[in-house]
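# Chain and residue survey
Here is how the chains run, residue by residue.
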Amino acid sequence: MAESFSYPADEYVLIGQVTKAHGIKGELKVMAFSGQPQSITQHKSLILVSRQGKMSPPFNVLRSRIGNKEAIVHFKGVSDRNDAEKLCKHGVLVHKDELPILGVDELYLHELEGIQVKTGEGQVLGRVESFFSNGAQDILVIGTGEKELLIPLIPGMISKRNKTCVTIAPPPGLLDINSGDSKKVNGSRDI
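Residues numbered from 1 in each chain as written. Predicted model: local features only at pLDDT ≥ 70, side-chain atom pairs only at ≥ 80, totals over all residues. Heavy atoms only, no water.

### Overview of the sheet that holds strand β1 (residues 12-22)
Taken in spatial order, the six strands line up as β1-β2-β5-β4-β3-β6 and close into a barrel, and their pairing is antiparallel. In this sheet, adjacent strand axes meet at a mean angle of 50° when their direction is disregarded. Across two bridges, the pairing between strand β3 (residues 45-49) and strand β4 (residues 59-66) is antiparallel. What sits directly across from Ser-45, in β4, is Asn-60. (Pairing = 2+ DSSP bridges. Helix = DSSP H or I, 4+ residues; strand = E, 2+ residues; numbered from the N terminus. Axes fitted to C-alpha atoms, helices over the stretch in contact; angles between N-to-C directions.)

### Structural notes on the packing of aromatic side chains
Applying the stated criterion to the full structure yields one aromatic pair. The ring centre of Phe-5 lies 4.7 Å from the NZ or CZ of Arg-51, which sits over that ring. (Phe/Tyr/Trp six-rings, centres within 6.5 Å; stacked < 30°, edge-to-face > 60°. Lys NZ or Arg CZ within 6 Å of the ring centre and 35° of its normal.)

### Here we look at the confidence of the model for the chain
Parts of the prediction with low pLDDT should not have their coordinates interpreted in detail. Of the residues in the chain, 91% have a pLDDT of 70 or more, and the chain-wide mean is 85. Of all the helices and strands in the chain, helix α3 (residues 174-179) carries the lowest mean pLDDT, 75, while strand β5 (residues 71-75) carries the highest, 97. (pLDDT = per-residue confidence, 0-100.)

### Focus on the nonpolar core
Within the largest apolar cluster, 23 residues are counted, with the highest numbers of intra-cluster contacts made by Ile-40, Leu-46 and Phe-75. For this core, the secondary-structure elements that each account for two or more residues are β1, β2 (27-32), β3, β4, β5 and β6 (91-95). No other element matches the four residues that β1 contributes to this core. Apart from the residues lying within four places of it in its own chain, the contact partners of Ile-40 are Ile-15, Gly-16, Val-30, Ala-32, Leu-46, Ala-71 and Val-73. Membership of the second largest hydrophobic core comes to 16 residues, among which are Ile-115, Phe-131, Leu-149 and Ile-168. (Core = buried A, V, L, I, M, F, W, Y, C linked by side-chain atoms within 4.5 Å. Buried < 20%, exposed > 50% of the residue type's maximum accessible area, 1.4 Å probe, protein only. Contact = heavy atoms within 4.5 Å.)

Listed below in structure tokens is the structure:
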């Protein structure tokens, strides 16, 4: 799940976090919150932010590549392991204007934060509080006021969306599982 950082969310998007130094020449391992390291490597400059909200000037990316599960990035001005270790645990930001343009059926998850979620039948479930990747798919965290619902973003889950509301088409039983209720699910015996 994305860590908690303070930054101007109206201008920037938190796309990852520096996890550790890599090697002795100043490279950094960066975990992409999207689960896709290539989302980090496509940028020519990145901004780092501390947990207290202190933002760096843009760091020019000298080179980047995809490692096992993380992006490996080398910033201009970060020349050795000691410099790199000082940047560990910082969040990685990009300005919203620098995000790639998406296709018609694509969306950025940050665009869903704070909007209302309802079913195709009109049942209001709550608002999108956050999101994370479980490795297989992205998960929306929907706050209902009393609890949280976890909704996987599988193909076909979002049937409609606009700037204030997203309509989902959950498969049968998904909302029952999310309720934490130990009642019968799909005719099976009590759990």
